[in-house]
Amino acid sequence: STEPASQCDTGDLQCCNSVESASSPSATALLGLLGIVLSSVDVLVGLTCDPISAIGIGSGATCNAEPVCCENNSFNGLISLGCSPVNLNL
């Protein structure tokens, strides 16, 4: 299920090329390369993400991939941790 973008209070809005479980092969490989250890493999991670400006939300903000709200975006857009899908139109 998706939450309204306005409810994203745990982190930044991101537009990710894909959102996968941390246990997926591509996410596991990337996490390993970066030396990131997660306490749970049930976490959703966003791969290849760009920030979405909060100014445009609800009035035409676009994301051609998957809009998500992520808790940890400190890996320069390569991977974002703790992501939840959002609806940019709400």
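Residues numbered from 1 in each chain as written. Predicted model: local features only at pLDDT ≥ 70, side-chain atom pairs only at ≥ 80, totals over all residues. Heavy atoms only, no water.

**Student:** Hey, could you run me through the environment of S23 in this one?
**Tutor:** Along the chain, the position of S23 falls in the loop between β2 (12-21) and α1 (25-34). For S23, a relative accessible area of 45% translates into the label partly exposed. For the pair S23 and V43, spaced 20 residues apart in sequence, the C-alpha separation works out to 8.3 Å. Excluding residues that lie within four positions of it along the chain, S23 makes contacts with T28 and V41. Among the polar contacts made by the side chain of S23, one reaches the side chain of S21 at a distance of 2.9 Å. (Helix = DSSP H or I, 4+ residues; strand = E, 2+ residues; numbered from the N terminus. Buried < 20%, exposed > 50% of the residue type's maximum accessible area, 1.4 Å probe, protein only. Contact = heavy atoms within 4.5 Å. Polar contact = N/O pair within 3.5 Å; in protein donor to acceptor, adjacent residues only side chain to side chain.)

**Student:** I tried to follow the state of the cysteines on my own but got confused; where do I start?
**Tutor:** By definition, a disulfide links the sulfur atoms of two cysteine residues through a covalent bond. In total, this model carries two disulfides according to the counting rule given. Note that C70 is cross-linked by a disulfide to C83, the S-S spacing being 2.1 Å. Disulfide C70-C83: torsion about the S-S bond near 100°, hence right-handed. Highlighted residues: C70 in strand β4 (residues 66-72) and C83 in strand β5 (residues 79-87), separated in sequence by 13 residues. Here C70 and C83 have matching classes, each one buried. (Disulfide = S-S within 2.5 Å.)

Shape is all these values report; function is a separate question.
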